[in-house]
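# Coordinates in review
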Amino acid sequence: MDASWTTTWSARARARRILRCVVLGCAVALMNSGLVSVIGALFQLRTNYAIKEHEERGDFRAALGRLVFVDAALAGAAAFLVAYVAPAAQGSGLSELKGFLNGSRIPGLWRLRTFVVKYVAIALVIGSGLPVGREGPAAYLGGCVGTWAWRLVLRDDSERENDRKRLYATLGGAAGIATAFNAPVGGVLYVFEEISSYWDHEKTFYACLSTTVAVAAQKYLSQALHGASTRFQSLVIFDDAASVAGARWVWRDVPVVLVVALAAGAASALLTRVMLLAQRLRRRAAWRGPRFAKFAEAVAVCVVIGVAFFLLPKLGNCRARDDGHRRRRLAGGERHYRAYDCGAGRYNDLASLTLVGEEGAIKALLARDVAKPFSGASLGVFVAAYFLCFSAIAGLSIPIGTFVPNMLLGAAVGRAVGDAAGELVGGLSGGGLFALVGAAAMLGGYTRLALTVAVLLVEATGDVGAAVPVLAASLVGSGASAALAPASYDDVLLHLRRVPYLEDAVPEATAALPVAAVCDANGPRLRAREPAAAVAAAVEAERLYHLVVDGRGRHAGVASRQALAAALGRAERKRGDVVDSVRRGRERIATMPSPFARSPFAGGDASPRDDMPRRRLFGADGAPATPDGELDLDAARDDAPARPARAEGPRGDVDVLALADRAPYAVRADFPVGLCVPLVRKLQLAYVVVVEDDGAPRGLVERVHLLGLDLERLERIAVAAGDGDALE
């Protein structure tokens, strides 16, 4: 009987989770499809209103003025929302998501206001032409959808809230990355390798289910909107005569692949250092304190970058356009060659990189159907200008995604090196292969996730034949970047944004310390039963957890501040319920017909009711408190006896022990820190109790006490950020 009930309950719980994963995947697909559509509409508006004014009418000044107006309006709206409505929407949100999945508390992370502002602002920012991507914010937005899917779809209150919320935030983040790259496996790998600190086979199943449903639903939505002939999210344009499987690499390409990977890896290390320098300068700038200063700075930087990208094609070359490949249909629209000022039948190679958006430029660089669409000089100018512009936006008060800009830079470096090598050595593959290799090396060096990057790009491009050089380039680029930069950009950003994150490794000098050296031995201690005033004082304190001791002073449990506050709140609500019950009773009595209306005593002055005993309903004296017979609610509130709360004892005492965790993890005072850190991290514990040999509690070790123990890592971060205050 018991075994059957357990099996039924487990099957129902698994069915609920599967349903949540399906709903989550469909919701993330709908969210991402809407985001792509809005971005496409805004970018098309910018192109039609400003850029085509110069291409079709030749009015350069009018086009420049319109471009400044559109960029300032879009970027200004995004910066205003972030600065004045939801400052937490700044950045990609990956650092905060990573800290939350590590087990830390991130206040306000899942607010609806932050979600809406980030969703709207990232569309406005990309539509304004800034060099940012949507992939990082998509992971955060997917995490929000995941937490809401758990709350709204068949919520099971028996499940631990924090554990379930982290599970569905993980699944939502994986679905967000998967829909951004059309890579269900890559989305799971990215969350497994970079974001999530805890993983098991259960998460693998549910993550794969969520990403598969999300990508399939997004493909359905894309084909419903754009037609069944659309090649969904393909980043590589192949020639009609060469299939995807036929685009193979040859052994002659290996030396060039290594050169491209080393160059892109070094570029990613340099980019990391420059972006961290920009972050540090903005963080130390005193004039950026007011919100208006952050708003104005974002608008000014956006306008300057937009003008620079519009003027840069003046240095480009005009090339003949092949109409046979010009209008090949893709999921993100058509591949556009911008004419700029080159006239009919020709295109400007620099304009075709700076004025078509990041994803459009990547598709042009990875294309296999054109031998050499860009000159080496134009690629060099574009790499230098894009590097500076992308570095300048680090730390702005806007949502920023960094994946696609890194891919674009790496693809440009790879295309330049591959085209140059092709002129010197015959028999090499096309420049599109080396552009793909450069994108893998750049992104691998930036994230230090070689396998994940390789799988993401192979899935996103559909170029399975290039899997080996892509993985090799990602490995080499990651190693080269690690040799030149001590920490990745995301690792340093965790520190700069003050996100609490607990590492698994502890330095040897710190690992040998006893846990008693880092525990809080002076924290308050509550008895098993405390007066309500003492519990209220504990709630008002800054501490999240309180030790509970028995009558002999021994450890009896740990009570959280949240549980104590909830107990006091229940007591207050039940006192208020007494008054509400009195009000409802009075309303029923007022509308009830008198039972003595037709009695023999109806016309007399006396009634049997006058001699009936009165209940103490309206006041302390048993009579109506007001002349007109209305109820005095204040008097009723004071007079009505409060029903005891569930965790409240007699005479206003609170049964603290009933609210406490009676079986927390406990260690002896001589337990080494090197074992305590992985214990807290792997078991996702919020605290560990430190006890003496006789069972007396010495204090609590919370996660926050262990966050600053990895001094070697903080020192590496300080060196990478160039910040002398990093160890404060």
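Here the structure is shown first, and the text comes after it.
Figured I'd write up the structure that's included with this text.

### Quick look at the sheet that holds strand S10 (residues 666-668)
Pairing is mixed in the open sheet, where three strands are placed in the order S10-S11-S12. The sheet is open, and its two edges are formed by S10 and strand S12 (697-702), each paired on a single side. In this sheet, neighbouring strand axes are inclined to one another by 30 degrees on average, regardless of whether the strands run parallel or antiparallel. Of the pairings in the sheet, the one linking strand S11 (residues 687-691) to S12 comprises five bridges and is antiparallel in character. Residue Tyr 687 lies in a different strand from S12, and its bridge partner there is Glu 702.

### Details of the packing of aromatic side chains
By the definition in use, this model includes 20 aromatic pairs. Taking 5.4 Å as the distance between ring centres and 70 degrees as the angle between the ring planes, the aromatic pair formed by Trp 249 and Trp 251 counts as edge-to-face. Using a relative accessible area of 25% as the deciding quantity, one classes Trp 249 as partly exposed. The class for Trp 251 is exposed, based on a relative accessible area of 69%.

### A short note on the state of the cysteines
A full pass over the atoms with the stated rule returns one disulfide. The residue that forms a disulfide with Cys 318 is Cys 342, at a sulfur-sulfur distance of 2.0 Å. Residues Cys 318 and Cys 342 are joined by a disulfide whose S-S torsion is about -80 degrees; by sign, that bridge is left-handed. With Cys 318 in strand S1 (residues 318-320) and Cys 342 in the loop between strand S3 (333-334) and strand S4 (346-348), this pair connects stretches of sequence that are 24 residues apart. Residue Cys 318 is classed as partly exposed on the basis of its relative accessible area of 33%.

### Points about the packing of helix H15 (residues 403-424) against helix H16 (residues 431-447)
Two elements in contact, H15 and H16, have axes whose closest approach is 6 Å; the angle formed by their N-to-C orientations is 135 degrees. With respect to each other, H15 and H16 are oriented oblique. The hand of the H15/H16 crossing is right-handed. Residues Phe 403, Asn 406, Met 407, Leu 409, Gly 410, Ala 411, Gly 414, Arg 415, Gly 418 and Asp 419 of H15 form the contact with H16, whose own contacting residues are Gly 431, Gly 432, Phe 434, Ala 435, Gly 438, Ala 439, Met 442, Leu 443, Tyr 446 and Thr 447.

### Things to note about unusual backbone geometry
Of note in the backbone geometry, Arg 448 takes a positive phi value of approximately 60 degrees without being a glycine. Tracing the sequence through the fold places Arg 448 in the loop between H16 and helix H17 (450-461). Backbone geometry at Arg 498 places phi at a positive 55 degrees, although glycine is not the residue there. Examined against the element boundaries, Arg 498 turns out to sit in the loop between helix H19 (489-496) and helix H20 (508-511).

### A word on the packing of helix H14 (residues 376-392) against H15
Packing of H14 against H15 leaves a shortest axis separation of 10 Å and a crossing angle of 160 degrees. It follows from the interaxial angle that H14 and H15 lie roughly antiparallel. Considering only the axes of H14 and H15, their crossing is left-handed. Across from Leu 379, Phe 382, Val 383, Tyr 386, Phe 387 and Phe 390 in H14, the residues of H15 making contact are Pro 405, Asn 406, Leu 408, Leu 409, Ala 412, Val 413, Arg 415, Ala 416 and Asp 419.

### So, the pairing of S12
For S12, a buried count of five out of six residues is recorded, marking the element as mostly surrounded by other parts of the structure. Hairpin connection between S11 and S12: a loop of five residues separates the two successive antiparallel strands, and Gly 695 in this loop has a positive phi of roughly 90 degrees.

### Overview of the nonpolar core
With 139 residues, the main nonpolar core has Trp 110, Leu 130, Leu 171, Phe 181, Leu 365, Ile 393 and Ile 398 as its most contacted residues. In terms of residue count, the dominant contributor to this core is H16 (eleven residues). Formed by 16 residues, the second largest nonpolar core is a distinct cluster that contains Val 518, Val 680, Leu 685 and Val 690.

### Description of helix H18 (residues 467-484)
If you check H18, its first and last C-alpha atoms are 26 Å apart, about what 18 residues at 1.5 Å a residue would give, namely 26 Å. Listing the buried residues of H18 in full gives Pro 469, Val 470, Ala 473, Ser 474, Gly 477, Ser 478, Ala 480 and Ser 481. Down the axis, H18 shows its buried residues gathered within 170 degrees of arc, on one side only. For H18, the exposed residues lying more than 90 degrees away from the buried face are Val 468, Leu 475 and Ala 483.

### What about the pattern of salt bridges?
This model, assessed by the stated rule, comprises 18 salt bridges. In this structure, Lys 98 and Asp 491 form a salt bridge, with 3.6 Å as the shortest nitrogen-oxygen distance. Linking Lys 98 in helix H3 (residues 94-101) with Asp 491 in helix H19, this pair joins segments that are 393 residues apart in sequence. Here Lys 98 falls in the buried class, since its relative accessible area comes to 8%. The partly exposed category is assigned to Asp 491, whose relative accessible area is 24%. Linked through salt bridges whose partners overlap, the residues forming this network are Glu 53, Arg 57 and Arg 66.

### What to know about the pairing of strand S7 (residues 545-549)
Across a regular strand the side chains alternate sides, sitting on one face of the sheet and then on the other. For S7, the tally of buried residues reaches five of five residues, placing the bulk of the element in the interior. Residue alternation in S7 divides its side chains into two sets, Tyr 545, Leu 547 and Val 549 and His 546 and Val 548, and both sets are buried. Pairing geometry for strand S5 (residues 525-527) and S7, over three bridges, is parallel. Pairing of Leu 526 across the sheet is with Val 548, part of S7. Bridging between S7 and strand S8 (residues 555-560) involves five bridges; their strand directions are antiparallel. Within S8, the residue paired with Val 548 across the bridge is Gly 557. Taking the residues that link successive antiparallel strands as the turn, the S7-S8 hairpin has five residues, and the phi of Gly 553 there is positive, at about 80 degrees.

What counts, and where the lines are drawn
Residues numbered from 1 in each chain as written. Predicted model: local features only at pLDDT ≥ 70, side-chain atom pairs only at ≥ 80, totals over all residues. Heavy atoms only, no water. Pairing = 2+ DSSP bridges. Helix = DSSP H or I, 4+ residues; strand = E, 2+ residues; numbered from the N terminus. Axes fitted to C-alpha atoms, helices over the stretch in contact; angles between N-to-C directions. Phe/Tyr/Trp six-rings, centres within 6.5 Å; stacked < 30°, edge-to-face > 60°. Buried < 20%, exposed > 50% of the residue type's maximum accessible area, 1.4 Å probe, protein only. Disulfide = S-S within 2.5 Å. Parallel < 35°, antiparallel > 145°, perpendicular 65-115°, else oblique. Left-handed = near helix turned anticlockwise from the far one by under 90°. Contact = heavy atoms within 4.5 Å. Core = buried A, V, L, I, M, F, W, Y, C linked by side-chain atoms within 4.5 Å. Expected span 1.5 Å × (residues − 1). Arc of directions from axis to C-beta. Salt bridge = Lys/Arg side-chain N within 4 Å of Asp/Glu carboxyl O.

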